[in-house]
Amino acid sequence: DTGVSQNPRHKITKRGQNVTFRCDPISEHNRLYWYRQTLGQGPEFLTYFQNEAQLEKSRLLSDRFSAERPKGSFSTLEIQRTEQGDSAMYLCASSLVGVEKLFFGSGTQLSVL
Amino acid sequence: AQKVTQAQTEISVVEKEDVTLDCVYETRDTTYYLFWYKQPPSGELVFLIRRNSFDEQNEISGRYSWNFQKSTSSFNFTITASQVVDSAVYFCALSDENTGNQFYFGTGTSLTVIP
C-alpha cells in the first residue's frame, strides 16, 4: 500500500492558462474522488469515479473543469482558462466500494496569478 | 440537507491538557456515516475514525475518544493528555444515502498544543 499519489505538489500559473493534475490512487481501490480545499475551509466535493465511469459531479464544477480516469487507474483533473478563484488545494482520494473510508493524497496546491 | 458544523475555529491548549472538539451534523437519513480526519501541516488528510449511525457506542483508541450522540446529532472528539504532535486541523465529515458517495466536511478546528 503506497498511498494516494498526486502530482505536481505545487503549480503556479497565469490566469487564462490550462493546467492538469494527476492522481494515482491506491492500486486496488476502485473509487476515486476529487475535492477542492480553500484556506480555512473543509474539502469540497468535485467529482468521483467508480472504475473508469464518472458517476457524480458537483454542481459547483464549472464547464472549465474536466476529469478523466481512462483505464480505471490514475485520474487527471484539467482546468481550462484558469481564473484567480481557482486557486486552491486540489485533493484526490480513493476508496474501495463498500468501504466507507477515504484515503487522501497530499494534494496539488494551485496558485493562479 | 446535509451539513456538518464545527463551531470551534481555533483551540489552543497546553500540553497534557485534555481537549474536546465539537461536531454537530444534520441529515434526514437514518443510515449515515460520520468521520474524523486529521490534517497536519504537511497537508495530507489522515483518517481517524468512522462511525455508522446504528452504532452509538463510544470508542476509545489510545488518547483519542469519540462520543456519538444521535439525540443531539453530535459526534465529539476528545484528546486526552494532548501532545505537541496533536497540533493539526481536525475535520468532521458526514456521508449518507442522500449524498451518494460524497463526503460533506465541516470547516475544521485548528488545534494548537503549546509545549
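Here the residue index of a chain counts from 1 through its sequence in written order. All chains are assigned letters beginning with A, and all ligands numbers beginning with 1, in the order in which they are written. Only residues with pLDDT of at least 70 get local features here, since the model is predicted, and only at 80 or more are side-chain atom pairs given and counted; chain-wide, interface and lining totals rely on the full set of residues. Think of the side-chain values as coming from all heavy atoms in the structure, minus any hydrogens and water.

**Q** Go over the interface of chain B and chain A, please, and point to the residues and values.
**A** Each side of the interface is counted separately: chain B has 20 residues, and chain A has 20 residues. The term buried area refers to how much accessible surface (probe radius 1.4 Å) is lost by two components on association, counted for both of them together. Of the roughly 1,700 Å² buried between chain B and chain A on both sides combined, carbon and sulfur atoms contribute 51%. Should a side-chain nitrogen of Lys or Arg be within 4 Å of a carboxyl oxygen of Asp or Glu, the pair is scored as a salt bridge. Counting across the chain B and chain A interface gives zero salt bridges. We call two N or O atoms a polar contact when they sit within 3.5 Å, provided that within protein one can donate a hydrogen and the other can accept it, with sequence-adjacent residues counted only if both atoms are side-chain atoms. Where chain B meets chain A, there are five residue pairs in polar contact (both at pLDDT 80 or more). Those elements giving two or more residues to the side of chain B that touches chain A turn out to be β5 (32-39), β6 (46-52) and β10 (88-96) of chain B. Sort the elements by how many residues they give to the side of chain B that touches chain A and β5(B) lands first, with four residues. Side-chain classes are defined by residue name, with Ala, Val, Leu, Ile, Met, Phe, Trp, Tyr, Cys and Pro counting as nonpolar, Asp, Glu, Lys and Arg as charged, and the others, Gly among them, as polar. Residue classes in the side of chain B that touches chain A are distributed as eight nonpolar, ten polar and two charged. Whether two residues are in contact is decided by their heavy atoms: any pair within 4.5 Å suffices. The numbering of helices and of strands both runs from the N terminus, where a helix is a DSSP run of H or I of at least 4 residues and a strand a run of E of at least 2.

**Q** An account of the state of the cysteines is needed here, citing residue identities and associated values.
**A** In what follows, a disulfide is any cysteine sulfur pair within 2.5 Å. Applying the stated criterion across every chain yields a total of two disulfides over all chains. Disulfide partner of C23(A): C92(A), at an S-S distance of 1.8 Å. The chirality of the disulfide connecting C23(A) with C92(A) is left-handed, given an S-S dihedral of about -70°. With C23(A) in strand β3 (residues 19-24) and C92(A) in strand β9 (residues 88-95), this residue pair connects regions lying 69 residues apart in the sequence. Across the pair, exposure class does not vary: C23(A) and C92(A) are buried alike. Put simply, C23(B) and C92(B) are joined by a disulfide, and their sulfur atoms are 1.9 Å apart. Across the S-S bond of C23(B) and C92(B) the torsion is about -65°, and the bridge reads as left-handed. Of the two residues, C23(B) sits in the loop between β3 (19-21) and β4 (24-26) while C92(B) sits in strand β10, which places them 69 residues apart along the sequence. Relative accessibility decides the category of a residue: with a 1.4 Å probe and only protein chains considered, values under 20% of the type maximum give buried, values over 50% give exposed, and everything between is partly exposed.

**Q** Run through the environment of R63(B), naming residues and quoting values.
**A** All names here are of chain B. Position of R63 among the secondary structure elements: in the loop between β7 (59-61) and β8 (64-69). When the C-alpha positions of R63 and R28 are compared, they lie 32 Å apart, and in sequence the two are 35 residues distant. Each residue touching R63, except ones within four places of it in the same chain, is listed here: T78, I79, T80, A81, S82, Q83 and D86.

**Q** Summarise the pairing of strand β8 (residues 75-79) of chain A; cite the residues concerned and give the values.
**A** Residues and elements named next belong to chain A. For β8, the buried fraction is high: four of the five residues fall into the buried class. Pairing of β3 with β8 involves five bridges; the strand directions are antiparallel. For T20, the partnering residue across the bridge sits in β8 and is E78. Paired strands, as defined in this entry, are two strands with at least two bridges between them according to DSSP. Sheet topology places strand β7 (residues 65-68) next to β8; four bridges connect them, and they run antiparallel. Bridge assignment links S66 to a residue of β8, and that residue is E78.

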